[in-house]
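# Fold and geometry: a report
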Amino acid sequence: WLLPTRLRQVTATNVRRCFPELDSTAQTTLIRTNLKETGKTLLEVGPLWLWNKQRLLSLFVQINGEDAVQRACSEQRGVIFAGLHLGSWELVGVHLSNHYVMTTMYRPPRLRELEPLIVASRERFGAHLVPTSAAGVRQLFQVLGQAGCVGILPDQDPGEGSGVFAPFFGQPAYTMTLLSRLARKTGAAVFFVYAQRLPRAAGYHLHFVPAHPDIAHADMEIAAQHLNAGIEACVRTLPEQYQWGYKRFKTQAAGEKTFIEK
């Protein structure tokens, strides 16, 4: 907040565009609070990658909505966990890999030197990571076809040719179609999941939220609308802990001017 960084600029631009109903003072408060939470996210990385299982699992003080996940598993349905960049998303992976046989899609980092550490830390409790590639997608279909569990982060720009436009906080956002195709073709249940960071180091509250059935609609634009609506509903419960510093709206339709530089 104190430095004129690119992170602050993107965060401020996203918040002001996505919360036009807030006055200037409330928008500024949200921006400042969000940048503080971003700092907490950065400071959490080391412990979440390196602490042992028992110490990490003890951080969860409340879990809501997981009964529905367990029912889906007992019915031999595949399960898609739609992880959000909301709260402590790295900690979500710790819980999922300790309670489910997980295959998770990840995007390799720009700093390739960090990739071995990231993969090792996320796989150390049993999860299997697959890259965002055709081979990775095939593995996700295979796992769901065997009534397994997969994890995807659907609130990122999917890259050219891999999405459709759908509203997100009233803004056109280029949105992935992969999650909806997986759900439609396999009949998997879909749950949004996020770990709310509680104030003053009181722990974390884990939320599982069932997705609307039309997230698996045959029309990918309708499916994307329900995907983004589900993400938005979760974010509105905890807007200060969302990753507003991400350039979510960098891709726009041909002829449309982006308000976030690529």
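I will try to describe carefully the structure that is included in this document. Per chain, the residues get numbers from 1 upward, laid out in the order the sequence is written. Local features in a predicted model are, by the rule used here, given only for residues with pLDDT of at least 70; side-chain atom pairs are given and counted only at 80 or more, and totals for whole chains, interfaces and linings are based on all residues. To obtain the side-chain values, all non-hydrogen atoms of the structure were included, while hydrogens and water were left out.

### What to know about the overall build of the chain
Cut-off, in case you're wondering: Numbering goes from the N terminus for both helices and strands, where a helix is a DSSP run of H or I of at least four residues and a strand is a run of E of at least two. Should any heavy atoms of two residues lie within 4.5 Å, those residues are counted as being in contact. Neither His nor the chain termini are counted; the positive set is Lys and Arg, and the negative set is Asp and Glu. Charged groups are reduced to one reference atom each: NZ for lysine, CZ for arginine, CG for aspartic acid, CD for glutamic acid.
In terms of regular secondary structure, the chain is built from 9 helices and 9 strands. With the principal axes as the frame, the chain shows a C-alpha extent of 50 × 45 × 35 Å. Nonlocal contacts in the chain, meaning residues at least 24 apart in sequence, comprise 72% of its contacts between residues at least 6 apart. If you average the places of the 28 positive and of the 21 negative side-chain charges in the chain, the two averages end up 5 Å apart.

### Concerning the layout of surface pockets
Selection criterion: Grid points spaced at 1 Å and placed over the protein atoms alone form the basis of the search, with a cavity being a set where a 1.4 Å probe fits but cannot get out and a pocket an open set showing protein on both sides within 12 Å along at least five of seven lines. Lining residues have an atom within 4 Å of a point. Grid points are joined across faces, edges and corners, and a volume is the space filled by probe spheres set on the points. Each residue gets one label: Ala, Val, Leu, Ile, Met, Phe, Trp, Tyr, Cys and Pro are nonpolar, Asp, Glu, Lys and Arg are charged, and the others, such as Gly, are polar.
Taken as a whole, the second largest pocket encloses approximately 320 Å³ of empty space. Here the lining of the second largest pocket takes 6 residues from helix α2 (residues 24-50), the largest share from any one element. Each residue belonging to the lining of the second largest pocket can be placed in one class, and the counts come to 10 nonpolar, 2 polar and 5 charged.

### Considerations on empty space enclosed by the protein
Throughout the structure, instances matching the rule amount to 1 cavity of 30 Å³ or more. Estimates place the volume of the largest cavity at around 30 Å³. What lines the largest cavity is Asn14, Phe168, Tyr242, Gln243, Trp244, Tyr246 and Arg248. Partitioning the lining of the largest cavity into residue classes produces 4 nonpolar, 2 polar and 1 charged.

### Details of the pairing of strand β9 (residues 204-210)
Note the cut-off: Here the term buried applies to any residue with accessible area under 20% of the maximum for its type, exposed to any over 50%, and partly exposed to those in between, with areas from a 1.4 Å probe on protein chains only. What makes two strands pair is DSSP finding at least two bridges between them.
The buried count for β9 comes to 5 of 7 residues, which makes it a mostly enclosed element. Pairing analysis gives 7 bridges linking strand β8 (residues 189-197) to β9, with the strands arranged antiparallel. By the bridge assignment, tyrosine 194 is partnered in β9 with histidine 207. Between β8 and β9, which pair antiparallel in sequence order, lie 6 residues; one of them, arginine 200, sits at a positive phi of approximately 55°.

### Examining the sheet that holds strand β1 (residues 60-64)
In plain terms, the rule: Lines fitted to the C-alpha atoms define the axes, with helices restricted to the stretch that makes contact. Angles between their N-to-C directions range from 0 to 180 degrees.
Read across the sheet, 7 strands follow the order β1-β9-β8-β2-β5-β3-β4 without closing on themselves; strand pairing throughout is mixed. The sheet terminates laterally at β1 and β4 (128-131), the two strands that pair on one side only. Direction aside, the axes of adjacent strands within the sheet are offset by 25° on average. Looking at chain direction, strand β2 (residues 79-87) and strand β5 (residues 149-152) are connected through 4 bridges and run parallel. Note that in β5 the partner of isoleucine 80 across the bridge is valine 150.

### What to know about helix α6 (residues 115-123)
Put simply, the rule is: Think of it as the arc spanned by the lines of direction from the helix axis to the C-beta atoms.
Those residues of α6 not exposed but buried are Glu115, Ile118, Val119 and Ser121. One side of α6 holds all its buried residues, which, seen down the axis, span an arc of 165°. Close packing links the buried residues of α6 with α2, β3 (102-106) and β4.

### Digging into the nonpolar core
Here is the rule: Joining through side-chain atoms within 4.5 Å is the link that ties buried Ala, Val, Leu, Ile, Met, Phe, Trp, Tyr and Cys residues into a set, and such a set is a nonpolar core.
If you look at the biggest cluster of nonpolar residues, it comprises 42 residues, and the most contacted ones within it are Ile80, Leu140, Leu179, Phe192 and Trp244. Not counting residues up to four positions away in its chain, the partners in contact with tryptophan 244 are Val10, Thr11, Asn14, Val15, Cys18, Phe19, Asn34, Phe169, Val235 and Pro239. In terms of nonpolar packing, the next biggest core, distinct from the first, is built from 26 residues, Met102, Val119, Leu129 and Ala189 among them.

### Considering the packing of aromatic side chains
This is how the line gets drawn: Any two rings among Phe, Tyr and Trp, with Trp reduced to its six-membered ring, count as a pair given centres within 6.5 Å; such a pair is stacked if its planes are under 30 degrees apart, edge-to-face if over 60, and tilted if neither.
This structure, assessed with the given rule, holds 10 aromatic pairs. On the basis of an interplanar angle of 90° and a centroid distance of 4.9 Å, the ring pair of phenylalanine 168 and phenylalanine 169 is categorised as edge-to-face. A ring pair is formed by phenylalanine 168 and phenylalanine 249, whose centres lie 6.3 Å apart and whose planes are at 35°; its orientation type is tilted. Residue phenylalanine 168 is located in strand β6 (residues 163-168), and its partner phenylalanine 249 is located in the segment after α9 (220-237); the two are separated by 81 residues in the primary sequence. Looking at phenylalanine 168, the relative accessible area reads 2%, which means it is buried. Assessed through its relative accessible area of 1%, phenylalanine 249 is described here as buried. In textbook terms, an aromatic cluster arises when at least three aromatic residues are bridged by ring pairs, as seen for Phe19, Phe168, Phe169, Tyr242, Trp244 and Phe249.

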